[in-house]
Amino acid sequence: MALVFTADQDQFRDSIQRFLSDQMPTSRVRQLMATDHGLDNQLWRQTSTELALTGIHIPEHLGGAGFGPVELGIALEEMGRALFCGPYLSSAVLSAYALLICADADQQERWLGDVASGERRCSLAVTESAGLWQNDDIQTKATGGGTASSLLNGRKRFVIDGQSADLILVAARADDGIALYMIDGDTNGLTVTALQTMDPTRKMADIELNDAVATKLTHAPDHLLDTLLNVACIALANEMIGGCQRLLDSAVNYTQLRYQFGRSIASFQAIKHRLADLLLDVELSRSAAYQAAQTLADCSDLRTLDEDQRRHLTEHASLAKAAVCETYLQTALETIQLHGGIGFTWENDTHLWFKRAKSSEVLFGTPAEHRERMMTAIESGNRSQENAA
Amino acid sequence: MALVFTADQDQFRDSIQRFLSDQMPTSRVRQLMATDHGLDNQLWRQTSTELALTGIHIPEHLGGAGFGPVELGIALEEMGRALFCGPYLSSAVLSAYALLICADADQQERWLGDVASGERRCSLAVTESAGLWQNDDIQTKATGGGTASSLLNGRKRFVIDGQSADLILVAARADDGIALYMIDGDTNGLTVTALQTMDPTRKMADIELNDAVATKLTHAPDHLLDTLLNVACIALANEMIGGCQRLLDSAVNYTQLRYQFGRSIASFQAIKHRLADLLLDVELSRSAAYQAAQTLADCSDLRTLDEDQRRHLTEHASLAKAAVCETYLQTALETIQLHGGIGFTWENDTHLWFKRAKSSEVLFGTPAEHRERMMTAIESGNRSQENAA
Amino acid sequence: MNQTTTLHAEVTQWLDEHWDPNMDLLNWRSLVADSGWGAPSWPSDYYGKDMSPMEASIVEQAFADYGAVGAAQSGVRMLAALTLLAHGSHDQKQKYLRGILTGEDQWCQLFSEPGSGSDLAGATTRADLRGDEWIINGQKVWNTSAHHAQYGLLLARTDWDAPKHQGLTYFVINMEQPGVEVRQLAQMNGHASFNEVFMTDAVVSRDDLVGEPGGGWKCAMTTLANERRSFDRARDIGARKGRQGKIFRDLEEEFAIANEPYTWYPQRAGRVDLILQRAVATGAIDDPAQRQDIARLHIMAESAKWTGERAKAAAKAGKPQGPEGSLGKLAASNVARLAARVHTAISGNDALLTGANSPMDGVIAEILVSTPAISIAGGTDEIQKNIIAERVMGLPKEPRVDDGPFRDVRRNTSGPTTKA
Amino acid sequence: MNQTTTLHAEVTQWLDEHWDPNMDLLNWRSLVADSGWGAPSWPSDYYGKDMSPMEASIVEQAFADYGAVGAAQSGVRMLAALTLLAHGSHDQKQKYLRGILTGEDQWCQLFSEPGSGSDLAGATTRADLRGDEWIINGQKVWNTSAHHAQYGLLLARTDWDAPKHQGLTYFVINMEQPGVEVRQLAQMNGHASFNEVFMTDAVVSRDDLVGEPGGGWKCAMTTLANERRSFDRARDIGARKGRQGKIFRDLEEEFAIANEPYTWYPQRAGRVDLILQRAVATGAIDDPAQRQDIARLHIMAESAKWTGERAKAAAKAGKPQGPEGSLGKLAASNVARLAARVHTAISGNDALLTGANSPMDGVIAEILVSTPAISIAGGTDEIQKNIIAERVMGLPKEPRVDDGPFRDVRRNTSGPTTKA
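A quick note: this is a predicted structure, and the numbers were derived from the prediction, not measured.

Participant: When you look at the overall build of chain A in this model, what are you seeing that I'm missing?
Facilitator: Tallying secondary structure elements over chain A gives 11 helices and nine strands in all. Rg of the C-alpha trace for chain A: 21 Å, near the compact-globule value of 21 Å for 389 residues, within the 12% margin. Reported as C-alpha extents along the three principal axes, the dimensions of chain A are approximately 75 × 55 × 40 Å. The 389 residues of chain A split such that 67% are buried. Long-range contacts, defined here as pairs at least 24 residues apart, represent 76% of the contacts in chain A between residues at least 6 apart. Carbon and sulfur atoms provide 45% of the accessible area of chain A, an area that totals close to 13,000 Å². In chain A, 33 side chains carry a positive charge and 51 a negative one; their mean positions are 7 Å apart.

Below you can see the structure in the form of structure tokens.
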């Protein structure tokens with residue numbers, strides 16, 4: 001585990017923090033969340049080109065910075081802290097990883113560079129109904145094709161930033177199994193319907209595909225959806241931990257500033273103990289998120305994971321998702337409560353994170369689903385140990 | 001629901017409380033729990049004859065006081081508060097109810113009067129392995145018989161006060177289904193093995209039956225084990241609530257007397273808030289226990305419950321068991337914690353109730369099993385409402 | 001019994017003579033107020049009949065049996081009436097009580113401030129005497145219906161050298177003046193149930209000081225003690241719905257306005273009633289782990305309900321208040337919080353949605369964003385726990401650091417703005 | 001590197017010359033103590049060699065590589081040594097340090113009292129000077145190994161008019177005298193890890209006052225600051241088990257006695273390691289609801305473990321201590337509590353049993369009756385939360401009411417007896 005960050009990593013974090021506190025104050029978040037696409041083109045360009053955040057984890061020969069999941073985790077954590085509005089998770093993280101895994105060299109050339117540079121924004125469409133990304137859930141059909149083009153038919157739900165995407169990667173089922181298919185955001189046969197989401201800082205859409213023309217990505221390794229879900233959970237866990245810390249900081253600050261009965265309310269023992277409990281929850285969850293990022297970093301090639309790697313990745317990804325999302329919601333609830341009435345108002349910023357926490361709780365699957373998924377991974381490990389013994 | 005006790009009931013409670021605080025101080029509990037049978041014959045006689053507590057709920061024509069489950073609940077609550085040592089739950093409650101339900105008039109004449117008067121002590125042996133009392137769990141076989149005598153073969157576990165019982169009622173399976181069978185405590189073919197129990201104030205034994213001669217009780221209504229389990233859970237819930245209150249009282253007293261940092265520790269807000277939370281838990285659980293007793297009181301004849309009564313009885317019995325046993329354990333843990341180191345010592349009395357709480361948590365089934373059982377009862381109610389509509 | 005029958009008959013006869021569902025509401029209530037039947041337990045000098053509460057409830061029952069509308073008794077206006085009856089001058093009662101009963105005037109409560117929420121007595125809104133007028137400066141918050149109110153019940157500081165409870169004075173303030181600005185306060189769930197009230201050199205006549213200077217805390221306690229009772233009334237009245245006549249149309253309009261801030265309150269409480277139906281609809285009912293959580297919620301909600309019933313029954317039986325009476329609000333917070341969690345789990349992915357996209361046309365989303373309010377509004381859980389610990393369990397208070405002259409008490413200097 | 005090699009070689013050569021596993025332990029350790037190799041970081045005046053901690057760890061490594069036994073360094077005796085080195089007089093160091101290193105003397109700590117647990121500085125054991133002797137009266141509690149100890153580290157009050165931290169004085173007390181009575185304190189889980197110590201006109205020589213009169217709190221802080229470090233050592237030594245020779249037999253006997261109070265400590269921590277195996281054995285692993293609880297426990301335990309690793313790595317990297325370092329004890333309480341709950345659920349009915357009837361020959365029952373201790377021993381959860389809130393998060397302290405002369409501070413008059 002990357003137990004402690006290097007000086008370079010700390011510096012990297014500082015630079016992102018500075019950038020976001022300048023460019024993404026909550027006044028800006030509030031403006032962007034009221035728009036349809038929740039996105040500022042200029043800021044997106046700055047993020048992707050000046051700070052090169054969209055390509056952190058992309059190999060240098062594909063136009064990225066060549067770092068790994070740990071550095072990506074740092075960026076995500078800071079974005080979660082700031083409630084960064086823009087298709088970072090959907091395009092730079094999920095779609096880029098999908099392309100790294102599934103695209104062949106030509107396809108990577110064709111799309112990954114643009115995604116890494118932020119030039120084009122891509123969304124990943126997997127879910128149709130269930131929370132976890134399981135093969136059984138994929139009813140969208142891919143027909144025809146060969147090397148050139150396939151036709152997609154079906155419906156996808158909760159496509160993050162689907163309404164602003166230049167490209168969409170769709171998980172679909174053909175006779176030979178499940179693979180990812182690339183479509184243009186403006187292709188015929190694609191209908192995008194924006195969803196009204198609890199968290200207006202993260203846009204989502206349903207999409208419908210009626211004979212939409214698509215290109216099949218060449219590689220479709222076993223357990224593809226599992227691996228993508230692991231990446232998604234680890235990214236989300238690291239994003240969430242930033243939100244946790246932001247909330248905790250604001251609870252600590254506010255209770256210290258707030259005087260009732262002649263005392264700062266932070267001097268009341270019941271408040272102090274709850275803040276101590278929260279700090280414990282956040283730090284434990286932080287460890288889970290960091291460990292999951294490290295476990296991802298330890299996987300040299302996501303296309304060819306061995307069983308042991310896959311099992312660990314699943315265990316740690318689901319563990320982190322389940323742990324952090326419950327801590328996030330709890331921290332948000334407590335932060336509202338510790339603000340008193342003011343914490344329930346629109347003008348107070350707490351609800352922005354509360355809503356992110358609330359929706360992150362079920363995004364990519366509920367905590368209970370991930371606990372079950374983690375248990376299954378652990379059991380399979382125990383069984384294979386027994387078999388080995 | 002008997003939402004509020006009558007003056008008579010209050011007086012009844014006071015008299016039991018006085019008796020037990022005289023006769024069953026914790027010094028006496030400590031003596032008795034160190035004995036094999038956990039029982040003082042003279043005190044048992046006082047309890048059953050002077051106070052007539054063993055026959056509260058037995059009809060007058062059968063030698064009892066003719067009261068109902070609410071008054072029985074009061075007695076149980078006070079016994080739980082005092083950690084009364086003696087076969088009250090096993091004989092006066094469980095066995096007496098079993099005889100009320102299953103014995104015919106002759107059999108009641110033969111046994112129930114003695115049980116109601118405390119003259120003979122009876123234990124009820126149902127469980128073989130599972131927590132809940134389900135028909136599937138009953139492997140003990142009854143053969144031969146007719147009206148006179150049957151032969152029992154099998155093993156029973158966790159027979160409360162089995163080692164001191166004059167009589168034992170055994171749930172066994174014959175060709176025509178499950179019924180209760182009465183055996184003498186000194187019959188041939190009965191082997192009683194005392195168990196080392198976590199809570200030494202409640203004795204238990206395993207019994208083995210090898211061609212033990214038994215008399216079959218005449219009535220074996222449908223859902224017999226379910227009804228007996230409901231009675232057991234409701235009795236236990238009311239007993240437990242007395243223990244909850246005793247613990248809470250001691251936590252409140254101790255924290256007020258204990259000074260640290262120049263203040264009574266009960267003046268520290270974190271302590272106060274936890275005590276307030278505990279009080280809430282205890283009062284909510286108390287309502288559940290009282291409601292369950294009332295629901296039992298509303299059943300005019302336990303032998304012929306209609307489906308609606310059975311459903312309500314099951315819902316409320318399992319609800320009360322699940323609610324109170326978790327509150328009991330939580331109250332015990334908090335009371336230890338609030339006593340600090342002293343609360344973990346043998347000389348301090350808290351652990352006596354902690355151990356009762358700990359073992360009551362799983363006696364007659366775990367809270368999770370009872371939540372599931374309650375849900376099933378609720379669903380069957382909803383379904384039958386739908387069918388009726 | 002006979003007395004009851006006589007009184008009931010007397011009211012019925014009066015209604016026979018006067019009741020006309022085609023009158024407009026204000027005219028009818030003027031008649032009711034002047035007759036004394038609108039508030040029969042009040043003194044006969046002030047629109048009442050000096051009756052006992054028992055007699056008054058017979059009158060109320062007679063109105064209900066007849067299907068006739070009574071005096072306006074809902075919301076803050078009743079708090080105002082009861083406070084004025086207890087502490088007001090003769091002139092104040094003469095001036096204000098009739099408009100309360102006729103429903104002509106609406107009232108609001110101006111106690112809480114941004115800087116004093118749990119600690120009401122820490123109010124820093126100031127009232128300074130200038131000639132015959134008190135000049136008011138400060139900000140109040142959490143003022144239900146202030147945007148409709150003609151009058152406000154104002155707690156303001158008149159003495160900064162006294163200890164904090166003793167420097168407060170109670171006033172009636174006319175809300176319709178230039179120095180008073182009311183702003184609706186938007187909530188995180190999109191509703192706006194409360195207002196902020198800014199007072200800048202607002203004016204209160206000397207005659208509108210209620211009770212004694214420095215005696216404001218005692219008056220405020222009277223208002224607060226009546227708070228729950230009068231809110232309960234506002235809800236009973238739905239029963240008259242569907243009756244014909246202009247008077248009922250007027251009444252429904254009145255209710256619609258009065259209840260507008262509360263439309264989301266059922267969601268705030270967690271909607272336990274929807275759980276089973278939703279669990280069946282989504283299939284969560286077949287998930288053994290979810291069943292455990294649903295069961296936990298059911299147990300808590302039922303136990304809380306029974307506890308409330310025990311408290312009511314004890315009160316009815318004349319038994320001393322046991323602990324069960326103080327726990328309702330705290331229990332409701334716990335139930336709502338757990339219900340929101342269970343609703344989320346049941347909804348899975350769909351808990352991401354809001355508005356028309358959210359299940360049950362947005363009700364589920366409204367639960368999720370509303371339940372955080374229940375542990376705050378009307379006294380936070382923390383304050384409830386202090387009350388339970390100190391008043392119910394008799395635990396010692398904490399050392400106080402705010403008992404000197406108020407001037408020296410540490411406090412929120414400017415009061416955190418809502419941009420906290 | 002070269003220096004390391006040289007030092008390692010030097011120690012090895014000394015061991016070549018002196019080490020004999022057939023010596024008895026005390027004789028060997030006397031040799032070690034007098035050579036300076038037993039505590040090389042101590043001053044050369046007092047059985048040391050003035051070495052840096054880094055050099056000392058090379059020496060320790062050389063002993064370990066050689067398989068030779070070092071000086072006695074476990075338990076309270078090391079706390080005594082470090083406190084005396086920091087605050088003791090020349091004579092005290094001369095008198096006591098050698099017996100510590102040779103293992104001849106055992107020590108115990110006499111700080112906590114029945115009336116002052118969390119509030120150590122509230123001690124009321126009194127020391128009164130009579131001629132050249134201090135006369136000690138009072139009761140101490142939670143004294144590990146006091147029943148084996150020759151000497152005690154005693155905190156007693158010598159000035160009742162000073163504020164509470166300033167009236168305490170630190171002494172070395174000879175435990176083998178008539179005025180000192182030690183009783184083992186039975187626990188609810190049947191073990192007895194601690195003692196009560198009753199002092200009735202017990203005598204301490206003037207020479208055995210450590211530091212300054214009234215300076216006892218500072219000395220006690222030194223003791224406590226070293227507490228964790230030295231306890232850690234007691235456990236490492238198992239590695240030498242199985243080696244031949246009288247010296248190892250002596251050593252094992254020493255460990256057996258020293259560790260006797262702690263045999264139940266693994267159970268106190270909740271035995272998360274047994275959960276999966278038990279769940280498979282009972283079939284709980286196939287129950288979806290139980291799997292959720294098992295998963296929750298796994299998540300908490302793993303996260304706590306990783307948090308501890310992060311803290312260690314940060315310290316090793318020379319980073320400033322983050323919050324992760326202060327949370328371990330609190331996390332351990334939470335883990336143990338949850339583990340006990342899960343063990344109960346997994347065991348079902350069998351959780352009723354104890355001793356040989358309980359699963360795993362009583363281990364499961366011992367978990368259930370031992371976990372309540374972990375949130376109390378070594379500083380309650382409440383104290384940990386105060387520390388985290390005030391020292392880690394920087395939240396303000398509560399108002400203090402115990403800062404006047406100790407005589408006037410409200411306290412447990414006689415201290416609750418153990419019959420509380």
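What follows continues from the structure just given.
Participant: Got a minute to help me understand the interface of chain A and chain C in this structure?
Facilitator: Many authors give the size of an interface as the accessible area that is lost as the parts come together. Across the boundary between the two partners, chain A contributes 43 residues, which contact 52 residues of chain C. Interface area, chain A with chain C, both sides summed: about 4,100 Å², of which 61% is carbon and sulfur. At the surface where chain A touches chain C, the tally comes to three salt bridges. For D350 of chain C, the salt bridge goes to R157 of chain A, with nearest N and O atoms at 3.3 Å. At the boundary of chain A and chain C, one finds 23 residue pairs in polar contact (both at pLDDT 80 or more). Secondary-structure elements contributing two or more residues to the side of chain A that touches chain C are β3 (149-160), α7 (224-257), β8 (259-260), α9 (307-339) and α10 (350-362) of chain A. For the side of chain A that touches chain C, the element with the highest residue contribution is α10 of chain A, accounting for seven residues. Residues that form the side of chain A that touches chain C fall into these classes: 19 nonpolar, 16 polar and eight charged.

Participant: What should I look at first to understand the domain arrangement of chain C in this one?
Facilitator: By the assigned domains, chain C splits into domain 1 (1-71), domain 2 (73-245 + 401-420) and domain 3 (270-373). One C-alpha centre belongs to domain 2 of chain C, the other to domain 3 of chain C, and the line joining them spans 33 Å.

Participant: Mind showing me how you'd approach the packing of aromatic side chains here?
Facilitator: Geometrically, a pair of aromatic rings is defined through the distance of the ring centres and the angle of the planes. Counted by the stated rule, this structure contains 32 aromatic pairs over all chains. Between W19 of chain D and W28 of chain D, the aromatic rings sit 5.0 Å apart at their centres with planes inclined by 75 degrees, giving edge-to-face as the arrangement. Accessibility expressed as a relative area gives 0% for W28 of chain D, which makes it buried. Taken together, the ring pairs in this structure connect F344 of chain A together with Y262, W264 and Y265 of chain C into an aromatic cluster. When the ring centre of F198 of chain C is taken as reference, the NZ or CZ atom of R183 of chain C above it lies at 4.1 Å. Across from the ring centre of W37 of chain D, 4.3 Å away, lies the NZ or CZ of K49 of chain D, which sits over that ring.

Participant: It is not clear to me how the pairing of strand β7 (residues 194-205) of chain D should be interpreted in this structure. Could you clarify?
Facilitator: A regular strand carries its side chains on alternate faces of the sheet. Residues and elements named next belong to chain D. The sheet contact formed by strand β3 (residues 133-141) and β7 spans eight bridges and is antiparallel. Considered in β7, the bridge of W134 is made with V204. Across six bridges, the pairing between strand β6 (residues 180-185) and β7 is antiparallel. In the sheet register, Q184 faces β7, and the bridge partner there is N195.

Participant: It is not clear to me how the side chain of S123 of chain B should be interpreted in this structure. Could you clarify?
Facilitator: Residues and elements named next belong to chain B. Within the fold, S123 resides in strand β1 (residues 122-125). For S123, a relative accessible area of 1% gives the class buried. At 3.3 Å, the side chain of S123 and the backbone oxygen of D161 are in polar contact. Apart from the residues lying within four places of it in its own chain, the contact partners of S123 are S90, S95, V159, I160, D161, G162, A165, L167, I168 and L169.

Participant: Looking at this structure, I do not really get the interface of chain C and chain B. What am I missing?
Facilitator: Every contact between the two is made by 41 residues of chain C and, on the other side, 41 residues of chain B. Carbon and sulfur atoms make up 66% of the surface buried where chain C meets chain B, a total of about 3,500 Å² over both sides. Linking chain C with chain B are seven salt bridges, by the criterion used here. Here D277 of chain B makes a salt bridge to K385 of chain C, at a shortest N to O gap of 3.2 Å. In this structure, the connection of chain C to chain B is made through 17 residue pairs in polar contact (both at pLDDT 80 or more). At the level of secondary structure, the elements contributing two or more residues to the side of chain C that touches chain B comprise α11 (288-316), α12 (328-347) and α14 (381-392) of chain C. When residues in the side of chain C that touches chain B are grouped by element, the largest group, 17 residues, is from α11 of chain C.

Participant: Help me out: how do you make sense of the packing of α9 of chain A against α10 of chain A in this one?
Facilitator: For any two helices packed against each other, the geometry comes down to the angle between their axes and how far apart the axes lie. Residues and elements named next belong to chain A. Contact geometry of α9 with α10 gives a least axis separation of 9 Å together with a crossing angle of 155 degrees. Here α9 is positioned roughly antiparallel relative to α10, judged by the angle of their axes. Classified by chirality, the crossing of α10 by α9 is left-handed. Along the contact surface, α9 presents K321, C325, Y328, L329, A332, L333, T335, I336 and H339, while α10 presents T350, W353, F354, R356, A357, K358, S360, E361 and V362.

Participant: Sorry, what's going on with the domain arrangement of chain A here?
Facilitator: All names here are of chain A. When the domains of chain A are assigned, the result is domain 1 (7-100 + 110-117), domain 2 (122-216) and domain 3 (224-388). A separation of 28 Å is found between the C-alpha centroids of domain 2 and domain 3. Taken residue by residue, the interface counts 18 residues in domain 2 and 19 residues in domain 3. Regarding the contact of domain 2 and domain 3, the summed buried area is about 1,500 Å², with carbon and sulfur atoms giving 72% of it. Area buried by domain 2 at its contact with domain 3 is led by L132, W133 and R202, which between them contribute 44% of it. Linking domain 2 to domain 3 there are two salt bridges. Of the charged contacts in the structure, one is a salt bridge between E239 and R202, with a shortest N-O distance of 2.9 Å.

Rules used in this analysis
- Residues numbered from 1 in each chain as written.
- Chains lettered and ligands numbered in written order.
- Predicted model: local features only at pLDDT ≥ 70, side-chain atom pairs only at ≥ 80, totals over all residues.
- Heavy atoms only, no water.
- Helix = DSSP H or I, 4+ residues; strand = E, 2+ residues; numbered from the N terminus.
- Rg over C-alpha atoms; globule rule 2.2 N^0.38 Å.
- Buried < 20%, exposed > 50% of the residue type's maximum accessible area, 1.4 Å probe, protein only.
- Contact = heavy atoms within 4.5 Å.
- Areas by Shrake-Rupley, 256 points an atom, 1.4 Å probe, with all protein chains shown as cover.
- Lys, Arg positive; Asp, Glu negative; His and termini not counted.
- Charge placed at Lys NZ, Arg CZ, Asp CG, Glu CD.
- Buried area = accessible area lost by both parts, 1.4 Å probe.
- Salt bridge = Lys/Arg side-chain N within 4 Å of Asp/Glu carboxyl O.
- Polar contact = N/O pair within 3.5 Å; in protein donor to acceptor, adjacent residues only side chain to side chain.
- Nonpolar A, V, L, I, M, F, W, Y, C, P; charged D, E, K, R; others polar.
- Domains from an automatic or database assignment.
- Phe/Tyr/Trp six-rings, centres within 6.5 Å; stacked < 30°, edge-to-face > 60°.
- Lys NZ or Arg CZ within 6 Å of the ring centre and 35° of its normal.
- Pairing = 2+ DSSP bridges.
- Axes fitted to C-alpha atoms, helices over the stretch in contact; angles between N-to-C directions.
- Parallel < 35°, antiparallel > 145°, perpendicular 65-115°, else oblique.
- Left-handed = near helix turned anticlockwise from the far one by under 90°.

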